[in-house]
Amino acid sequence: MRTGFPTRALAALLLVLLPAPLVIVIGSSFSPRAVLGFPPPGFSWRWYVEFLGTPSWLVAFGISAALALVSAVLTTLASIGAALALRRAPARLRGIAETAILAPLLFPHAALAIGFLGWLGMAGLGGSFAGMLIAHLVLCAPFAYRPVAVSLAQIDSSLPEAATILGAEPGQAFRRVVLPLLRPGIAASLLFGFIISFDEVTVSMFLVGPEFTTLPVAIYARLNDSADPVVAAISSILILLTAGLVLLMDRLVGLRIFVDIEEDGRHPSA
Amino acid sequence: MPRSGSVGHLEIDSVSRSFGSLRAVNAVSLDIAAGEFIAFLGPSGCGKTTLLRIIAGFEAADSGRLTLDGRVLAGLPPNRRDVGMVFQNLALFPHLTVAENVAFGLELRRKGTAEIARQVEEALALVALDGLAGRRIQQLSGGQRQRVALARALVLHPAVLLLDEPLSALDLKLRRQLQGELKALQRRTGTTFVFVTHDQEEALSMADRVAVFNRGGLEQFDTPQALYGRPATRFVAEFVGDANIRSAAQLAPLGLSLPAGSLLVIRPEDCVVGTAAAAAPVRIDGVVEAVDFVGPHARLRVAPDGMPAGTTEPWLALLPGAALDGLAPGARATLGFDPARAAQLPASQIRGGA
Ligand SMILES: Nc1ncnc2c1ncn2[C@@H]1O[C@H](COP(=O)(O)OP(=O)(O)OP(=O)(O)O)[C@@H](O)[C@H]1O
Ligand SMILES: [Mg+2]
């Protein structure tokens, strides 16, 4: 089917609009003046220096990075376990469990946040790293589970059986055959988990404490009282970090998984 | 790489397995000698794969006993049975190269690197794949994948090699070629082969003995010649090759008397049509219904006349192509056969079938 003019015009518009915010953020981060604006009236590293020289920014950055790392690793491990267990479960039970894992996607984040605020407070975890981590684990779960589960579904059950009859104990069959074939799914889970946690604002905003905040929440708070370009500088660093992470993943496992995970049931290498 | 002739004696003693109310394998007993090439033959769903998986240890039998060279297999996991398997979908490891696939079992056995390299090379040479050791599985043709799966299993010198329809995904020409190679390989290694197929020609041409299954039960276990020439049941007579199967009542008007309830199996190639039928002991007059000419021979269907309705089943005849002269659909013809060449099924053994 030939694409008509309106479709192509829309596509062109999107191609311009998608990177536009990135260009504006990165451009305005180099402004020498104390007001956020584009195009910048000059060039300076001033706001990068300010970010790197302010302990409260660096602490928030460290907390967010640690939170994202731990969330990504824990949700990915849990996802592998859940996917392995649910693969052998009766279809009904699997349906119920998968819906539960995906549930955080279905509810408004503000509602989830109020829920967390209530029960984390009761458990004495309000305003703490542990409390924030619990919330992030729940929010990352749907994104971490799917790539692993889809990867696992693509591994034919005869492969571990073949390993077994060639002499492998069940553990060896898992390590030498299942795990290597799960690698792209695991990498995607880690990446999704990390980015979801690192970017989270809505729920985190309710759960920060007087002594404890995450980087996105700190950025948001700063924007509320003054719109100076330090937030643009921080955002530019985050863009760079994320791009680096994605490139690294592409190098390690290939990002075809991001396309393939949407096509259930087909073997990626076939 | 042949092993000493005495390994690979597999005894299956009234093994059964049910899934819910379905009897997938029903009291099957088979005694398979060391070094034999056995085919499991039967229609889809008759329990061939299930029995193979029980031998491999992936499924447990509900009852019965399995021994391999006197060792009881019950309770042994698949990796301790000294049994190899080529899966229907081959189950090659897509993340490993050809050589790494073949080396997989050797590495688990903690052989030295040099020893592994030597054996992998030997196994790849055995299946004529030398030179492809470094290839990825995705870069191989269907026939080459087949050979990798064989090499991966054979390099471990299993006592028994199980093959679950390993050729079914290949086109006919390649299939014929690999059938020959597989047979030669089995001779050379002396390994006991249990080969599942639902292609009767494949089973007859390759196996020393064929086990015919129907609905979970064993119908007959015999040499290809015996299976074809002396089928034990109506099911075997119909499933293995074409046959004219006639009851005592249908044959009585022709002057043949059989014990009540028994059946006569007359192979199409034992029938003659036209002038040659004049000398046959039993003759039937009728009309040629259809002629399929396939080069070396021709298949004929003859509708007999003058018989009571309901017993006028058409007769099948297989003639040399040259003997066809003038026989065309609509022509009147006489079909004859010699009952001495036909197999008789006693009433007590008529199981299965239509
Ligand atoms: N795990 C299982 N659970 C339930 N039923 C099963 C299972 N495995 C096999 N069956 C049933 O047992 C019967 C025998 O199956 P099996 O796979 O052994 O047949 P087969 O002879 O190998 O057939 P095919 O030629 O189609 O491969 C079938 O009716 C099948 O549906
Ligand atoms: Mg089968």
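Residues numbered from 1 in each chain as written. Chains lettered and ligands numbered in written order. Predicted model: local features only at pLDDT ≥ 70, side-chain atom pairs only at ≥ 80, totals over all residues. Heavy atoms only, no water.

**Some remarks on the overall build of chain B**
The helix and strand inventory of chain B stands at nine helices and 18 strands. Once the C-alpha set of chain B is aligned to its principal axes, its extents read approximately 80 × 45 × 35 Å. Taken across its 354 residues, chain B has 50% of its residues classed as buried. Pairs at least 24 apart in sequence give 66% of the contacts found in chain B among residues at least 6 apart. Of the accessible surface of chain B, which amounts to about 15300 Å², a share of 52% is contributed by carbon and sulfur atoms. (Helix = DSSP H or I, 4+ residues; strand = E, 2+ residues; numbered from the N terminus. Buried < 20%, exposed > 50% of the residue type's maximum accessible area, 1.4 Å probe, protein only. Contact = heavy atoms within 4.5 Å. Areas by Shrake-Rupley, 256 points an atom, 1.4 Å probe, with all protein chains shown as cover.)

**Things to note about the sheet that holds strand E16 (residues 315-320) of chain B**
Residues and elements named next belong to chain B. Strand order across the open sheet formed by five strands is E13-E17-E14-E15-E16, with antiparallel pairing between neighbours. Taken across any chain shown, the strands that pair with only one partner, and hence form the sheet edges, are strand E13 (271-273) and E16. Sheet twist, expressed as the mean angle between neighbouring strand axes with direction ignored, is 45 degrees. Looking at chain direction, strand E14 (residues 282-293) and strand E15 (residues 297-304) are connected through seven bridges and run antiparallel. By the bridge assignment, Ala290 is partnered in E15 with Arg301. (Pairing = 2+ DSSP bridges. Axes fitted to C-alpha atoms, helices over the stretch in contact; angles between N-to-C directions.)

**Looking at the sheet that holds strand E12 (residues 263-266) of chain B**
One key point about sheets: their strands pair by backbone hydrogen bonds, in either a parallel or an antiparallel sense. All names here are of chain B. If you trace the three strands from one edge of the open sheet to the other, you get E11-E12-E18, paired in antiparallel fashion. Of all the strands in the sheet, the pair left with one neighbour each is strand E11 (244-247) and strand E18 (343-345). Between one strand and the next, the sheet's axes are offset by a mean angle of 25 degrees, whatever the strand orientation. Pairing of E12 with E18, which is carried by three bridges, proceeds in the antiparallel orientation. When the bridges of E18 are listed, Leu263 appears paired with Leu345.

**Describing the UniProt feature "transmembrane region" (unreviewed entry) in chain A**
Mapped onto this structure's residue numbering, the UniProt feature "transmembrane region" (unreviewed entry) falls at residues 61-84, 96-119, 125-145, 185-209 and 229-248 of chain A. Taken as a whole, residues 61-84 of chain A contains 100% helix and 0% strand, while its terminal C-alpha atoms sit 34 Å from one another. (UniProt positions renumbered as here; feature names shortened; annotations may be inferred.)

**Details of the site of ligand 1**
Residue and element names in this part refer to chain B. Near ligand 1, the surroundings consist of Phe19, Leu22, Ala24, Ser44, Gly45, Cys46, Gly47, Lys48, Thr49, Thr50, Glu165 and His198. A distance of 3.0 Å separates an oxygen atom of ligand 1 from a polar backbone atom of Gly47. Between ligand 1 and the protein, one listed contact pairs an oxygen atom with a side-chain N or O atom of Glu165 at 3.3 Å. Burial of ligand 1 by the protein chains amounts to 60% of its free accessible area of 640 Å². Secondary structure elements with two or more residues in the shell around ligand 1: strand E2 (22-32) and helix H1 (48-56). No other element matches H1, which puts three residues into the shell around ligand 1. (Near = heavy atom within 4 Å. Polar contact = N/O pair within 3.5 Å; in protein donor to acceptor, adjacent residues only side chain to side chain.)

**Brief notes about the pattern of salt bridges**
Should their charged atoms come close, side chains of opposite charge can pair. All names here are of chain B. If you walk through the whole model with that rule in mind, you get 21 salt bridges over all chains. A salt bridge links Glu115 to Arg118, with the shortest nitrogen-to-oxygen separation between them at 3.3 Å. Highlighted residues: Glu115 and Arg118, both in helix H3 (residues 113-126), separated by three residues, approximately one helical turn. The class of Arg118 is partly exposed, set by a relative accessible area of 44%. (Salt bridge = Lys/Arg side-chain N within 4 Å of Asp/Glu carboxyl O.)

**Notes on the interface of chain A and chain B**
Note: interface size is frequently given as the accessible area lost on complex formation between the parts. Residue-level contacts link 19 residues of chain A with 24 residues of chain B. Taking both partners together, chain A and chain B bury about 1900 Å²; carbon and sulfur atoms supply 64% of that area. Interface area lost by chain A to chain B is led by A:Ile165, A:Leu166 and A:Arg176, which between them contribute 38%. On the surface where chain A and chain B come into contact, there are three salt bridges. Connecting chain A to chain B are nine residue pairs in polar contact (both at pLDDT 80 or more). Every element with two or more residues in the side of chain A that touches chain B is listed here: helix H8 (158-165) and helix H9 (170-199) of chain A. For the side of chain A that touches chain B, the element with the highest residue contribution is H8(A), accounting for seven residues. (Buried area = accessible area lost by both parts, 1.4 Å probe.)

**Some thoughts on the packing of aromatic side chains**
Two descriptors summarise a pair of aromatic rings, namely the distance from one centre to the other and the angle between the planes of the rings. Evaluated as defined, the whole model comprises 18 aromatic pairs over all chains. Both rings, one in A:Phe194 and one in A:Phe198, keep their centres 5.4 Å apart while their planes meet at 15 degrees; by these two values the pair is stacked. With A:Phe194 and A:Phe198 both in helix H9, this residue pair falls four residues apart, about one helical turn. By relative accessible area, which is 7% here, A:Phe198 ends up buried. When the ring centre of B:Trp315 is taken as origin, the NZ or CZ atom of B:Arg246, which lies over that ring, is 4.3 Å away. (Phe/Tyr/Trp six-rings, centres within 6.5 Å; stacked < 30°, edge-to-face > 60°. Lys NZ or Arg CZ within 6 Å of the ring centre and 35° of its normal.)

**Points about the nonpolar core**
Residue and element names in this part refer to chain B. Ranked by size, the top nonpolar core spans 102 residues in total, and within it Leu30, Phe40, Leu51, Phe93, Phe104, Leu150 and Leu162 carry the most contacts. The residues contacting Leu51, other than those within four sequence positions of it, are Val15, Val25, Val28, Leu30, Phe40 and Phe213. Counting residues in hydrophobic clusters, the runner-up holds 23 residues, among them Ile266, Val288, Leu335 and Phe337. (Core = buried A, V, L, I, M, F, W, Y, C linked by side-chain atoms within 4.5 Å.)

**Regarding the UniProt feature "domain: ABC transmembrane type-1" (unreviewed entry) in chain A**
With numbering matched to this structure, UniProt assigns "domain: ABC transmembrane type-1" (unreviewed entry) to residues 61-249 of chain A. A distance of 22 Å separates the end C-alpha atoms of residues 61-249 of chain A, which is 81% helix and 0% strand.

**Some details on the side chain of A:Ser158**
Here A:Ser158 shows up in helix H8. Leave out the neighbours within four places in its chain, and A:Ser158 touches B:Phe87, B:Asn89 and B:Ala91.

**A word on a nonpolar patch on the surface**
All names here are of chain A. Side chains of Leu69, Val70, Val73, Leu74, Leu77 and Phe129 sit close together on the surface and give an oily, nonpolar patch of about 490 Å² of accessible area. Of the residues forming the nonpolar patch, the biggest block, five residues, is contributed by helix H4 (residues 55-87). With respect to the helices and strands, Val73 occurs in helix H4. (Patch = residues over 30% accessible without salt bridge, like charges linked within 9 Å, V, L, I, M, F, W, Y side chains within 5 Å.)

**Structural notes on the pairing of strand E7 (residues 160-164) of chain B**
Residue and element names in this part refer to chain B. Judged by how many residues are buried, E7 sits mostly within the fold: five of five residues are covered. Across the two faces of E7 the burial is the same, with Val160, Leu162 and Asp164 and Leu161 and Leu163 all buried. With four bridges connecting them, strand E6 (residues 83-86) and E7 associate as parallel partners. By the bridge assignment for E7, Met85 is matched with Leu162. Once you follow E7 into helix H5 (residues 172-189) and on to strand E8 (residues 192-197), the crossover reads as right-handed. (Right-handed = clockwise from strand over helix to strand, strands pointing away.)

**Concerning helix H4 (residues 142-154) of chain B**
Structurally, the α-helix is built with 3.6 residues per turn, so residues lying three or four positions apart point the same way. Residues and elements named next belong to chain B. Between its first and last C-alpha atoms H4 spans 19 Å; for 13 residues at 1.5 Å apiece the expected length is 18 Å, and the two agree. Judged by how many residues are buried, H4 sits mostly within the fold: 10 of 13 residues are covered. Taken as a whole, H4 has its buried residues at Gly143, Gln146, Arg147, Val148, Ala149, Leu150, Ala151, Arg152, Ala153 and Leu154. (Expected span 1.5 Å × (residues − 1).)

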